[in-house]
Amino acid sequence: MEKETVDEIIFRTQDQRNRLILELMARGGMRIGEVLKLTPSDIDGAESTFRRPRVGGKLRLPLSPKAGSSLERVHPTERGRSEGKIFSITYPAARIVVKKAGELVGISLRPHDLRRHAATYASRSGTPIEIVSKVILRHANLATTQRYLGKVTDLEAMRWIESLHG
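Rules used throughout
Residues numbered from 1 in each chain as written. Predicted model: local features only at pLDDT ≥ 70, side-chain atom pairs only at ≥ 80, totals over all residues. Heavy atoms only, no water. Helix = DSSP H or I, 4+ residues; strand = E, 2+ residues; numbered from the N terminus. Contact = heavy atoms within 4.5 Å. Areas by Shrake-Rupley, 256 points an atom, 1.4 Å probe, with all protein chains shown as cover. Expected span 1.5 Å × (residues − 1). Buried < 20%, exposed > 50% of the residue type's maximum accessible area, 1.4 Å probe, protein only. Arc of directions from axis to C-beta. Polar contact = N/O pair within 3.5 Å; in protein donor to acceptor, adjacent residues only side chain to side chain.

1. Describing the overall build of the protein
Alright, step 1. Broken down by element type, the protein carries nine helices and three strands.
Alright, step 2. Written out in order from the N terminus, the α and β elements of the protein read α-α-α-β-β-β-α-α-α-α-α-α.
Alright, step 3. Considering only contacts within the protein whose residues lie at least 6 apart along the sequence, 58% involve residues at least 24 apart.
Alright, step 4. Summed over its atoms, the accessible surface of the protein is roughly 9900 Å², and 54% of this surface lies on carbon and sulfur atoms.

2. Section: helix α5 (residues 91-104)
Alright, step 1. Given a rise of 1.5 Å per residue, 14 residues ought to cover 20 Å, and the 20 Å separating the end C-alpha atoms of α5 matches this to within 8%.
Alright, step 2. For α5, the full list of buried residues reads A94, V97, V98, A101 and G102. What you see down the axis of α5 is that its buried residues fit within an arc of 130°, all on one side. Away from its buried face by more than 90 degrees, α5 exposes P92 and K100.
Alright, step 3. On its buried side, α5 packs onto α1 (3-12), α2 (16-28), α3 (32-36) and α6 (111-124).
Alright, step 4. Measuring from the backbone nitrogen of A93 back to the side-chain oxygen at the start of α5 gives 3.2 Å, which picks out T90 as the cap.
Alright, step 5. G106, located one to two residues past α5, shows a positive phi value of around 80°.

3. Observations concerning the side chain of D113
Alright, step 1. Assignment of secondary structure puts D113 in helix α6.
Alright, step 2. Here R110 takes part through its backbone nitrogen, which lies 2.8 Å from a polar atom of the side chain of D113.
Alright, step 3. Sequence-distant contacts of D113, defined by excluding residues within four places in its chain, comprise M1 and S108.

4. Quick notes on the side chain of S133
Alright, step 1. Take S133: it is sitting in helix α7 (residues 129-136).
Alright, step 2. Once residues within four sequence positions are removed from consideration, S133 is found in contact with R138, H139, N141, L142 and T145.

Next up, the structure:
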């Protein structure tokens, strides 16, 4: 999925809450469950912190400045307060939000497609795969990340080779 398509999906989504959900998945690489579990105390300006359900502890996820400020507007952070979720919708309802957003631009869209886009876009923008794996997708194994990345066309491969060699 191209960046322009994702930008159009986000732009055409009128509801601020839904737009922010889409942006966190498409630009931050967050899983839908991670987005829905966010609480006000998880947000600290340009970062979000959330519990890692399988491992325990907390993990910091850098947010785009736009997403961070949007989160602050949707649910202003009050230090020490962690009552309630920022997005008070269910998982099935969030899946419908994503599906309807895709329909706005005439594509079939699933939540994980947005996460895959975040990884592919970062990788093709020159972000080292190790950073994509560890920071954006938060995978323990690099091989898992490689399955996420979109296929490289022959034309893209030639452009990368040309840029490497001047």
